[in-house]
Amino acid sequence: MADSRETQFQQDIINAMESGGWTVGTASGYDRASALYTEDLLGYIQDAWPERWEKFCKANPQAPDKVLVQKVVRELERAGTLEVLRHGFKVPGVKFDLCSFQPDHGMNPDSLARYRANRLRVVPEVSYSPHAREKGQVSESYNPRLDLVLFVNGIPTATLELKSQFKQTVENAKRQYRKDRPVKDPVTRKPEPLLTFKRGALVHFAVSQAEVAMTTRLAGKDTGFLPFNRGTEEGGAGNPPPADAQSYATAYLWNDVFAPEAWLKIIGRFLHLEQKTEEDFHGRRQTKASLIFPRYHQWEVVNRLIEATRAEGPGRRYLVQHSAGSGKSNSIAWTAHQLANLYAEDGAKLFNSVIVVTDRTVLDSQLQETIYQFEHAHGVVCPITRDMGSRSKSEQLAEALANHTRIIIVTLQTFPALFDALDKRPKLAQGHYAVIADEAHSSQTGSAASKLKALLAAAGEVMEDDAGEISAEAMLDAAVASRRPSERISYYAFTATPKARTLELFGRPPDPDRPPSADNKPEAFHLYSMRQAIEEGFILDVLRNYVTYSTAWKLAHPDGEDHEVDSKKASRTLARWVRLHPYNIAQRVEVIVEHFRDKVRHLLDGQAKAMVVTASRQEAVRYRLAMGRYIQDQGYEDVHPMVAFSGSVPPDEEIPEEVTETSTLLNPGLKGRDLAKAFDTDEYNVMIAANKFQTGFDQPKLCAMYVDKKLQGVDCVQTLSRLNRLFPGKQTFILDFFNDAQEVLEAFAPYYRKAELADVSDPQVVFDLQRSLDASGIYQWPEVAGFARAFFDSKAPAASLSYHCRPAQERFRQRYQAILDQQHTWREARDQAERSGDDKGLKRAEQELKDAGTTRDELDLFRKNLASFVRTYEFLSQIVTFDDTELEQLCVFARHLHPLLRLDRLLDDDAIDVSELELTHYRLTKREEKRLRLEDSDGDYGLKPVSEVGSGKPHDPEKQRLDEIIERLNDLYGAEVSDDDKLHFANGIADRIERDASVMAQVRSHSEDQVMHGEVVQL
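Residues numbered from 1 in each chain as written. Predicted model: local features only at pLDDT ≥ 70, side-chain atom pairs only at ≥ 80, totals over all residues. Heavy atoms only, no water.

Per an unreviewed UniProt entry, the protein goes by Restriction endonuclease, type I, EcoRI, R subunit/Type III and derives from Ectothiorhodospira haloalkaliphila.

Let's talk about the overall build of the protein
Within the protein one finds 36 helices and 30 strands. With 1019 residues in all, the protein has 50% of them scored as buried. In the protein, the share of contacts with a sequence separation of at least 24, taken over all contacts with a separation of at least 6, comes to 73%. When the accessible surface of the protein is totalled, it reaches about 49,600 Å², and 47% of it is carbon and sulfur. (Helix = DSSP H or I, 4+ residues; strand = E, 2+ residues; numbered from the N terminus. Buried < 20%, exposed > 50% of the residue type's maximum accessible area, 1.4 Å probe, protein only. Contact = heavy atoms within 4.5 Å. Areas by Shrake-Rupley, 256 points an atom, 1.4 Å probe, with all protein chains shown as cover.)

Focus: the environment of Ala27
The residue Ala27 is located in the loop between β1 (23–24) and α2 (38–48) in this model. Judged by relative accessible area, Ala27 falls into the partly exposed class, the value being 32%. Each C-alpha atom, one on Ala27 and one on Val149, is 9.4 Å from the other, the two residues being 122 residues apart in sequence. The residues touching Ala27, leaving out its near neighbours within four places in the chain, are Val123, Pro124, Glu125 and Val126.

Things to note about the packing of helix α27 (residues 764–775) against helix α31 (residues 885–897)
Contact geometry of α27 with α31 gives a least axis separation of 12 Å together with a crossing angle of 65 degrees. Once α27 is placed against α31, the crossing between them reads as left-handed. The segment α27 lies against α31, with Val766, Phe767, Gln770, Leu773 and Asp774 engaging Glu886, Leu887 and Leu890. Of the residues in the contact of α27 with α31, the class split is five nonpolar, one polar and two charged. (Axes fitted to C-alpha atoms, helices over the stretch in contact; angles between N-to-C directions. Left-handed = near helix turned anticlockwise from the far one by under 90°. Nonpolar A, V, L, I, M, F, W, Y, C, P; charged D, E, K, R; others polar.)

Remarks on the sheet that holds strand β8 (residues 212–215)
One open sheet holds the seven strands; their spatial order is β1-β4-β5-β6-β7-β8-β9, and the pairing between them is mixed. Either end of the sheet is taken by a strand with one partner, and the two such strands are β1 and β9 (226–227). (Pairing = 2+ DSSP bridges.)

Thoughts on the nonpolar core
Counting residues in hydrophobic clusters, the biggest one holds 96 residues, and the most contacted among them are Phe205, Phe228, Leu253, Trp254, Phe258 and Trp263. Here the element with the most residues in this core is helix α10 (residues 296–312); it accounts for seven residues. The residues that make up this core include at least three from each of domain 1 (6–133 + 141–273) and domain 2 (295–451 + 473–528). Contact partners of Trp254, with chain neighbours within four places excluded, come to Phe9, Ile13, Ala16, Met17, Val207, Tyr248 and Ala259. If you look at the next biggest cluster of nonpolar residues, it comprises 39 residues, including Phe538, Ile539, Met611 and Leu675. (Core = buried A, V, L, I, M, F, W, Y, C linked by side-chain atoms within 4.5 Å. Domains from an automatic or database assignment.)

A word on the pairing of strand β16 (residues 433–438)
The element β16 is largely enclosed, with a buried count of six among its six residues. In β16, alternate side chains face the same way, and those of Tyr433, Val435 and Ala437 on one face and Ala434, Ile436 and Asp438 on the other are all buried. As judged from the five bridges shared by strand β13 (residues 353–357) and β16, these two strands associate in the parallel manner. From the neighbouring strand, Val354 faces β16, where its bridge partner is Ala434.

Set out below in structure tokens:
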């Protein structure tokens, strides 16, 4: 009989590790006081450094073993485990290296011999505390034990808590670390050396048969774990099922990650200490040290890139599709460092230099600090981000290339200089280079942008005049497309949202021996999907809260000249006129400001921010002026807008003078500061943007986005994804005045896999759903009302909630079971009729089966509609004031009933686990609650390749009379307007007139009849 116990799981791991090259130890060999496996510490030094050991013994003739252990413990406590393993330490007359890492090439046999001398040991059931004690009169017994501890040369590097999936999950292992593995003795408060941050083991793994989580800092109940899973085959969180009955879904941990070569590489080339300064709600700054251990996808992509590059040589292209939240900065830093140290089999360096193209300023210092920890060497990284004296960035880049600087960081603007340098200097062109492109940030303005646009144009990319941002992905696409294939430059493109062109340029077909084709389409080299990032909790799902608005309008043209015009051009012009009309903008500004004040401003302790996305610079400026007027008219002092756009906007009937984003008319408090930095302060909380800050803008406090612009494809994903950054307590809102929700979903689908937007955001759908649910007869209204009374009554017993849910649950179960029985009966009848040749009976059975299927679908739809009702009502109630007691009652009832209708619970006799009802959680002071969920969507969302360029035919533009076009547009956009809307429009014009002092003076100087007949001198 198969053994499902945890001990068997533990033994299977130990056996696999022993087969992979680890030595199995016993807990008796572990020294609790020093937290070392001293046998391996001494054995490694004696084997790898015999001369040094001999010299040390002569200097310490009395118990050299004991003295060495004392010295090592001292260094571990002062410098930390990672520093000691990576760089060793000195004592008078001797330098001790406590770990030998794999040399970059095989030219030095002594280095290889020392590498082979490393001792990797796995020890089960380690009772690790030097403060262990038996139960006494004043204290409980204390002797905590870990399932597995991994040592490298006697120094602890990892601990593991294991849980058999049949007994407990990975969450139980996390709980055990938090509750039962204190970093200090609970009584004496003395530290536990094995678990102390920096001094003890580097990483701690919670492991089940299905999932793995890890942390580098144990902190009791505050310990935070990160997932260390491969991701499912569908791109979600978790792991794929095991390959066969003899393996585990988490076997990659001990078979791959703990493989001796891989584990030593993690210690030598991945782990690093990061100092990060964070600011809390109230502006208090705190610098915190974190030990960075790669997440699984980071570890895998770096290793795969290095292995593929070593095997394939220079001149290849690699596309890495990693979502926001994947930790691309670290992935790029690790990749750059390891590429810079990559050697060919003949001992020659594979690349003269590695060039990292990024606008992340943090990457400069991060790369330098990280690489210094790896090598204790300066000058490995050369950032070229600005002109230095008389030397331009291009000249600096050429000099860095000539000096064979290992890693060169350039901005997007400087990137074209790379090709200038290679073209003008034949010697440099003979070298091999690796180019790593990070799409996270973009160039906005200035002459550098003009040069980039010129390069894009040369590569066939058409840039709109008003387009303010150029992505690194587009830049790299253009640079690669405009140059002949080179065997001297390898490209590594990191992007969350590859376009079709990027896939064709940098992707690789599954079968490399065949050319790309319809059945051999290029694909990303490595994937970490948006879905996995969301499910693992590294970014927010911005599509959960999405509301669309529709605009209805009519135009009149009574006194204009009616002549034939280009129909398409005239339609666009008229639509743009409506968009820019002051009344149109004023109505939207009112919605935006009131929603922001009511639902957003108070979030994040009052630090929440919003972005308004507009279609043009002129529109953005008009929005800013209209918002300023509305705020002033209402007397609001808690909305502080700014506007961001490139270039300048000329004056018009609404804009009094030519303006730029630095004009005091628009951003009076800017005072020369960078807009992104100013927006991060309390002085601004609403940014109105036109083609700016829509890619790469990282503002975690951004909670709401108001969209008044057509968004499509990658631009849609990148723009709305500005909201996905994490911040404690954050929730997001999108109000869209322009786009169709389905089109937005289809834009996200290629990068999310199976994303699904909530059904609709029309407030009326709440009542439609309620009507449908009521008509089902699954519940009766007294049950709903009774549940709601109990829910909002703090004194009501928890049992009363279950009592009111049970009748509906039982009706649903009985109906579902009856339908299943009916389907079973009629299937048998159909089979019997077929066998007997009973044509009449066969038709009857088929009709009954059809009817039963319809009924079953209705029940399934009821379950789905329950969840849809809760999700839709709880969200829309944040925006629309329903003021409907019944909706609130049904919402709380439906939210608790839905999990009770799980089919696997209803169709068996097992008792229901009522704990999942969360009956102790009451919402007494907050009448509206949101539970957000993004469901999966099906369909073919493949990115369309370039296939019809140049296929257009000359044609004569369709001509129509302007009145006919206006009439057609009125029919299209004005079907819902009424006389009441006309009245509102007149009021809006009156409001504008009242704000103009000179016009009002003329109005007051004329009679009512004169004014109404237009006899005012100047209006």
